[in-house]
Amino acid sequence: MSEDDILAPRAGVIGWPVQHSRSPRLHGYWLKQYGLPGRYDLLPLPPEDLGGFLQELKRSGQAENFRGVNVTIPHKQAVLPFLDEIDHAAKRIGAANTLILREDGSLFGQNTDGYGFLQNLRESQPQWQPSAWPGLVLGAGGSARAICVALLDAGLPALTIINRSPERAEALAKALDDPRVSIGAWEDRADLLDGAGLLVNTTSLGMSGQPALDIALDALPIQALVTDIVYAPLETGLLAAARARGNPVVDGLGMLLHQGRPGFAAWFGQWPEVTPGLREAVLAD
């Protein structure tokens, strides 16, 4: 490793496994696009090594010009006890996906998943207004929680959570603790679309190698926005069906791209843009 490599700002993504992550492709594109020195690495990290890694990062990260890390499965919740401060979103969601190492050696945690989700919708469908219509979210996992928090904070008037396991939906609704939130039965999902202005799929249904998402869209208003956080394939069965009947649709890749922007800005000093060229680079394989 050269002296230039050591002095260049460093960041990466921790997870277990982490080889599937597209974050190095994302941040590498931005570093090259803006002509910035820096490195962004895959950092495979077993759960039992998480605490030691974060303590070492706080102790000696500055000397190595380490600026921080992204956090993916299974560490998003587990990192919280090791952080010195977390932002409002991470506190409400109960998970962090972006860590910033400060000059004093403290670690600041953010959750940018909700930001990425909303920015993707706003840039792809600028006419969409979160406060205009109720929304439905399919799924009750970590991504669903981040998206629900973002939508409620953005002024969504009512939100229905529908999950195959009703217990998980109930737990999420209880954690959100908001009178605008209700729970719908999975078997009633098609009927519950009546009057909705937004439909979000946060489940793995429709992803490559997974079963299809079975939902009839007949009751969904034609102006309702439909989005799927799955981006492999880029156009899921849900999006294809919605597009065919005339609904506006937004694919899931933009959420991934936009959620990376705050971390890149903090680590490398440049607020990056999401462009068609970036989309092509991240989807290159």
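This structure is a prediction, so every number in the text was calculated from the model and none was measured.

## A short note on the packing of helix α2 (residues 23-33) against helix α10 (residues 261-268)
Two numbers describe a pair of packed helices, the interaxial angle and the distance between the axes.
Line of reasoning, step 1. Direction vectors running N to C along α2 and α10 enclose 50 degrees, while the axes themselves pass 11 Å from each other. By the angle between their axes, α2 is oblique relative to α10. Of the two elements, α2 crosses α10, and the hand of that crossing is right-handed. Between α2 and α10, the residues in contact are His27, Trp30 and Leu31 and Arg261, Phe264, Trp267 and Phe268, respectively.

## Looking at the sheet that holds strand β3 (residues 66-71)
Line of reasoning, step 1. With mixed pairing, the six strands of this open sheet are ordered in space as β2-β1-β3-β5-β6-β4. Single-partner strands in this sheet number two, and they are β2 (39-44) and β4 (85-86).
Line of reasoning, step 2. Alignment of strand β5 (residues 98-101) against strand β6 (residues 107-110), held across four bridges, turns out to be antiparallel. Note that in β6 the partner of Ile100 across the bridge is Phe108.
Line of reasoning, step 3. Sheet strands in contact with α10 are β1 (10-15), β2, β3, β5 and β6, and its direction is about 15 degrees off that of β5.

## A few points about the packing of aromatic side chains
Line of reasoning, step 1. The tally for this structure, following the rule as stated, stands at five aromatic pairs.
Line of reasoning, step 2. Here the aromatic rings of Phe264 and Phe268 are separated by 4.9 Å at their centres, their planes lie at 50 degrees, and the arrangement is tilted. Pair noted here: Phe264 and Phe268 are both in helix α10, with a separation of four residues, about one helical turn.
Line of reasoning, step 3. Its relative accessible area of 9% is what places Phe268 among the buried residues.
Line of reasoning, step 4. Among the aromatic residues, those joined into a cluster by ring pairs are Trp30, Tyr40, Phe264, Trp267 and Phe268.

## Observations regarding the nonpolar core
Looking at soluble globular proteins, one finds that nonpolar side chains tend to be buried together.
Line of reasoning, step 1. Ranked by size, the top nonpolar core spans 30 residues in total, and within it Phe117, Leu151, Ile161 and Leu176 carry the most contacts.
Line of reasoning, step 2. Breaking this core down by element, the ones donating at least two residues are α5 (113-124), α6 (142-153), β8 (159-162), α7 (166-176) and β10 (198-201).
Line of reasoning, step 3. The dominant element in this core, judged by the number of residues it contributes, is α6, at eight residues.
Line of reasoning, step 4. Here Phe117 is in contact with Ile147, Leu151, Val200, Thr227, Ile229 and Met255, once residues within four sequence places are set aside.

## Observations concerning the side chain of Gln125
Line of reasoning, step 1. For Gln125, the location among the structural elements is in the loop between α5 and β7 (135-138).
Line of reasoning, step 2. Residue class for Gln125 comes out buried when judged on its relative accessible area of 15%.
Line of reasoning, step 3. Those residues in contact with Gln125, other than ones at most four positions away along the chain, are Leu225, Pro248, Val249 and Val250.

## Considering α5
Line of reasoning, step 1. Between its terminal C-alpha atoms α5 stretches 17 Å, which fits the 16 Å expected from twelve residues at 1.5 Å a residue.
Line of reasoning, step 2. Each element contacted by the buried residues of α5 is listed here: α6, β10, β11 (225-228), β12 (249-250), α9 (253-259) and α10.

## Focus: the pattern of salt bridges
Line of reasoning, step 1. Counting across every chain of the model gives 13 salt bridges.
Line of reasoning, step 2. Arg243 is the partner of Glu235 in a salt bridge, and the nearest nitrogen-oxygen pair spans 2.7 Å.
Line of reasoning, step 3. A single salt-bridge network, built from bridges that share partners, covers Glu123, Arg261 and Glu273.

## Structural notes on α10
Given 3.6 residues per helical turn, the α-helix brings residues three or four places apart onto the same face.
Line of reasoning, step 1. With six of eight residues buried, α10 is to be regarded as a mostly interior element.
Line of reasoning, step 2. Those residues of α10 that fall on the buried side of the exposure criterion are Arg261, Pro262, Gly263, Phe264, Trp267 and Phe268.
Line of reasoning, step 3. Of the residues one or two after α10, Gly269 is the one with positive phi, at around 80 degrees.

## Concerning the pairing of β7
Line of reasoning, step 1. In β7, alternate side chains face the same way, and those of Gly135 and Val137 on one face and Leu136 and Leu138 on the other are all buried.
Line of reasoning, step 2. Pairing analysis gives four bridges linking β7 to β8, with the strands arranged parallel. Counted as the bridge partner of Leu136 is Thr160 from β8.
Line of reasoning, step 3. Bridge count for β7 against β10 is four bridges, and the pairing is parallel. Counterpart to Val137 in the pairing with β10 is Val200.

## Quick look at a negative patch on the surface
Line of reasoning, step 1. Taken together, the side chains of Glu187, Asp188, Asp191 and Asp194 make up a negatively charged region of the molecular surface.
Line of reasoning, step 2. A residue is classified by how much of its surface remains accessible, and Asp191, at 60% relative accessible area, is exposed.

## Some details on the side chain of Ser23
Line of reasoning, step 1. Inspection of the secondary structure assignment puts Ser23 in helix α2.
Line of reasoning, step 2. Residues in contact with Ser23, not counting those within four places in the same chain, are Val13, Tyr40 and Asn70.

So, how was this worked out
Residues numbered from 1 in each chain as written. Predicted model: local features only at pLDDT ≥ 70, side-chain atom pairs only at ≥ 80, totals over all residues. Heavy atoms only, no water. Axes fitted to C-alpha atoms, helices over the stretch in contact; angles between N-to-C directions. Helix = DSSP H or I, 4+ residues; strand = E, 2+ residues; numbered from the N terminus. Parallel < 35°, antiparallel > 145°, perpendicular 65-115°, else oblique. Left-handed = near helix turned anticlockwise from the far one by under 90°. Contact = heavy atoms within 4.5 Å. Pairing = 2+ DSSP bridges. Phe/Tyr/Trp six-rings, centres within 6.5 Å; stacked < 30°, edge-to-face > 60°. Buried < 20%, exposed > 50% of the residue type's maximum accessible area, 1.4 Å probe, protein only. Core = buried A, V, L, I, M, F, W, Y, C linked by side-chain atoms within 4.5 Å. Expected span 1.5 Å × (residues − 1). Salt bridge = Lys/Arg side-chain N within 4 Å of Asp/Glu carboxyl O. Patch = residues over 30% accessible without salt bridge, like charges linked within 9 Å, V, L, I, M, F, W, Y side chains within 5 Å. Areas by Shrake-Rupley, 256 points an atom, 1.4 Å probe, with all protein chains shown as cover. Lys, Arg positive; Asp, Glu negative; His and termini not counted. Charge placed at Lys NZ, Arg CZ, Asp CG, Glu CD.

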